[in-house]
Amino acid sequence: MRTDSLFKEKTVFSYEIFPPKRTAPIETIYHTLERLKGQQPDFISVTLGAGGTGDNLSTADIAQKIQEEQFLPSVAHLPAVNFSKEEICTILQELKQKKVENILALRGDILTDKEPKKDFLYANDLVAFIHEQGEFNIIGACYPETHGDAVNSVVDIKNLKRKVDAGTNQLITQLFFDNNYFYTFKEKCDIVDIRVPIQAGIMPVVNKKQIERIVKMSNVNLPSKFLKMMERYEHNPEAIRDAGIAYAINQIVDLVAQGVSGIHLYTMNNPYVAQKIREATRSLFEA
Ligand code: FAD
């Protein structure tokens, strides 16, 4: 099932999971999925490492399993910068065979130790290529606080418009901890006539190490109330987890009340946390 049609009916709630590292057995993710079962998200997306052919070759398998065993639509992430056109064709073929029809089409991060391949320099190149084939629903990434490589937010939003015009049907944002960034970003999208549904990416932060990694990897500001919370509870794992869950719930309540098209929860493969958030907010999505 195509995920873009869901937005016509409701405020969408989805999960993101990642495949286990090569050193961990594939069964660990199936155990996670089993525990997510019953929480009834509208779809589940599965990441793929930017290293491509390195760690996470099981993205397509996991996406297939979600559809066949959980009867939920799945989305396969596809960062293209380290793939050639031929390799992308092979992946698309595999996804088609596995009946995975939703793709999050990404450029991927430029790795310091790997020369990018030249076929897909930006996500809009990949979107156009997939769109030509006419068989997939294409989703794109976007950045309320501006992508880290962009010269400024105006250039970034124009590039986003290019990606949407190339055939993107829905967008999912980078995580953020201050909803005002999302609202300002949404206004800019309206100005440049980006009309596709935009899901807000929410990540519940449940330990200090996680937040340090996020700040290093992404162009995301931490509001002072969030920093105070982390400082206060950093030595108490249970309290910091509960505070992180409560913070995410607050963000979601505000976003849904303001009419967001959907929420995409970065679960970090943590079914306990996902369940707590789902339970606390489920009725908002049904109202
Ligand atoms: P693009 O849309 O290509 O943008 C990248 C930069 O290039 C931006 O600064 C943009 O302004 C600029 N740009 C875009 N088009 C042009 C153009 N035509 N000319 C000049 N400049 C241009 N990474 C993974 O490796 N695996 C994943 O599974 C994954 N999942 C993600 C899921 C979500 C929801 C998000 C938000 C990100 C995800 N990422 C993932 C990270 C993503 O790959 C990186 O943020 C990457 O650096 C940018 O990818 P993009 O598709 O947004 O790139």
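Residues numbered from 1 in each chain as written. Predicted model: local features only at pLDDT ≥ 70, side-chain atom pairs only at ≥ 80, totals over all residues. Heavy atoms only, no water.

Engineer: Quick question: what am I supposed to make of the packing of helix 1 (residues 27-36) against helix 10 (residues 271-286) here?
Structural biologist: Between two packed helices, what matters for the description is the angle formed by their axes and the separation of those axes. Closest axis-to-axis distance for the helix 1/helix 10 pair is 9 Å, and the angle between their directions is 20 degrees. Here helix 1 is positioned roughly parallel relative to helix 10, judged by the angle of their axes. Handedness of the crossing formed by helix 1 with helix 10: right-handed. Of the residues in helix 10, those touching helix 1 at Thr-32, Arg-35 and Leu-36 are Pro-271, Tyr-272 and Ala-274. Broken down by class, the residue content of the contact of helix 1 with helix 10 amounts to four nonpolar, one polar and one charged. (Axes fitted to C-alpha atoms, helices over the stretch in contact; angles between N-to-C directions. Helix = DSSP H or I, 4+ residues; strand = E, 2+ residues; numbered from the N terminus. Parallel < 35°, antiparallel > 145°, perpendicular 65-115°, else oblique. Left-handed = near helix turned anticlockwise from the far one by under 90°. Contact = heavy atoms within 4.5 Å. Nonpolar A, V, L, I, M, F, W, Y, C, P; charged D, E, K, R; others polar.)

Engineer: Looking at this structure, I do not really get the pairing of strand 5 (residues 137-142). What am I missing?
Structural biologist: The side chains of a regular strand alternate, residue by residue, between the two faces of the sheet. With six of six residues buried, strand 5 is to be regarded as a mostly interior element. Relative to strand 5, strand 4 (residues 102-106) is paired through three bridges, and the arrangement is parallel. By the bridge assignment, Leu-104 is partnered in strand 5 with Ile-139. As paired strands, strand 5 and strand 6 (residues 170-173) are joined by four bridges and run parallel to one another. Across the sheet, Ile-139 pairs through a bridge with Gln-170, a residue of strand 6. Regarding topology, helix 5 (residues 153-165) serves as the crossover connection from strand 5 to the parallel strand 6, and that connection is right-handed. (Buried < 20%, exposed > 50% of the residue type's maximum accessible area, 1.4 Å probe, protein only. Pairing = 2+ DSSP bridges. Right-handed = clockwise from strand over helix to strand, strands pointing away.)

Engineer: Explanation requested: unusual backbone geometry in the structure shown.
Structural biologist: Phi at Asp-193 is positive, roughly 70 degrees, even though this residue is not glycine. Mapped onto the elements of the fold, Asp-193 is located in the loop between helix 6 (179-191) and strand 7 (198-202). With a phi angle near 55 degrees, Met-268 is a residue other than glycine that sits in the positive phi range. Taking the relative accessible area as the measure of exposure, Met-268 reaches 29% and is therefore partly exposed.

Engineer: Explanation requested: the environment of Ile-277 in the structure shown.
Structural biologist: Here Ile-277 lies in helix 10. When the C-alpha atoms of Ile-277 and Leu-171 are compared, they prove to be 22 Å apart, with 106 residues separating the residues in sequence. Ignoring any residue separated from it by four or fewer positions in sequence, one finds Ile-277 in contact with Pro-204, Ile-245, Ala-248, Ile-249, Ile-252 and Leu-265.

Engineer: Sorry, what's going on with the nonpolar core here?
Structural biologist: Looking at soluble globular proteins, one finds that nonpolar side chains tend to be buried together. If you look at the biggest cluster of nonpolar residues, it comprises 61 residues, and the most contacted ones within it are Ile-17, Leu-78, Ile-88 and Ile-263. For this core, the leading source of residues is helix 9 (residues 237-257), giving six residues. Residues within four places of Ile-88 in sequence aside, it is in contact with Leu-78, Ala-80, Phe-83, Phe-120, Leu-126 and Phe-129. Listed in part, the 24 residues of the second largest apolar core include Val-75, Met-203, Tyr-247 and Tyr-266. (Core = buried A, V, L, I, M, F, W, Y, C linked by side-chain atoms within 4.5 Å.)

Engineer: Any chance you could explain the site of the ligand here in plain terms?
Structural biologist: Residues in contact with the ligand amount to 27 residues; listed here are only the nearest, Leu-48, Asp-109, Tyr-143, Asp-156 and Lys-163. The contact in question runs from a nitrogen atom of the ligand to an N or O atom on the side chain of Asn-124, over 3.1 Å. Residue His-147 places a side-chain N or O atom 2.9 Å away from an oxygen atom belonging to the ligand. When isolated, the ligand has an accessible area of 970 Å², and the protein chains bury 87% of it. Only strand 3 (74-79), strand 4, helix 4 (123-133), helix 5 and strand 6 provide two or more residues apiece to the shell around the ligand. Broken down by element, the residue count for the shell around the ligand peaks at four residues, all from helix 5. Within the shell around the ligand, the residues separate by chemical class into 12 nonpolar, nine polar and six charged. (Near = heavy atom within 4 Å. Polar contact = N/O pair within 3.5 Å; in protein donor to acceptor, adjacent residues only side chain to side chain. Areas by Shrake-Rupley, 256 points an atom, 1.4 Å probe, with all protein chains shown as cover.)

Engineer: Please clarify how the environment of Ala-280 should be interpreted in this entry.
Structural biologist: Turning to its location among the elements, Ala-280 is positioned in helix 10. Through-space distance from the C-alpha of Ala-280 to that of Asp-42 is 16 Å; in sequence the pair is 238 residues apart.

Engineer: Sorry, what's going on with the sheet that holds strand 4 here?
Structural biologist: The pairing of strands in a sheet comes from backbone hydrogen bonds and takes either a parallel or an antiparallel form. Read around the barrel, eight strands follow the order 1-2-3-4-5-6-7-8 and close on themselves; strand pairing throughout is parallel. Taken pair by pair, the neighbouring strands of this sheet meet at an average axis angle of 25 degrees, ignoring direction. Its contacts with the sheet put helix 6 on strand 5, strand 6 and strand 7, and the angle it makes with strand 7 is roughly 160 degrees.

Engineer: Honestly, empty space enclosed by the protein in this entry has me stumped. Any pointers?
Structural biologist: Vacant regions in the atomic arrangement are exposed by a probe of water-molecule size rolled over the atoms. Across all of its chains, the model carries one cavity of 30 Å³ or more by this definition. Empty space within the largest cavity amounts to approximately 30 Å³. Lining the largest cavity are Tyr-143, Pro-144, Glu-145, Thr-146, Gln-174, Leu-175, Asn-219 and Val-220. Here the residues of the lining of the largest cavity are counted per class, giving four nonpolar, three polar and one charged. (1 Å grid on protein atoms, 1.4 Å probe; cavity = no way out; pocket = protein on both sides within 12 Å on 5 of 7 lines; lining within 4 Å. Points joined across faces, edges and corners; volume = space filled by probe spheres on them.)

Engineer: In this structure, what is going on with the packing of helix 3 (residues 85-97) against helix 4? I would like to understand it.
Structural biologist: Two numbers describe how helix 3 lies on helix 4: the axes approach to 12 Å, and their chain directions differ by 50 degrees. Classed by the angle they form, the pair helix 3 and helix 4 counts as oblique. For the element pair helix 3 and helix 4, the recorded crossing hand is right-handed. Judged by residue contacts, Lys-85, Ile-88, Cys-89, Leu-92 and Lys-96 of helix 3 engage Leu-126, Phe-129, Ile-130 and Gln-133 from helix 4. Partitioned by chemical class, the residues of the contact of helix 3 with helix 4 number six nonpolar, one polar and two charged.

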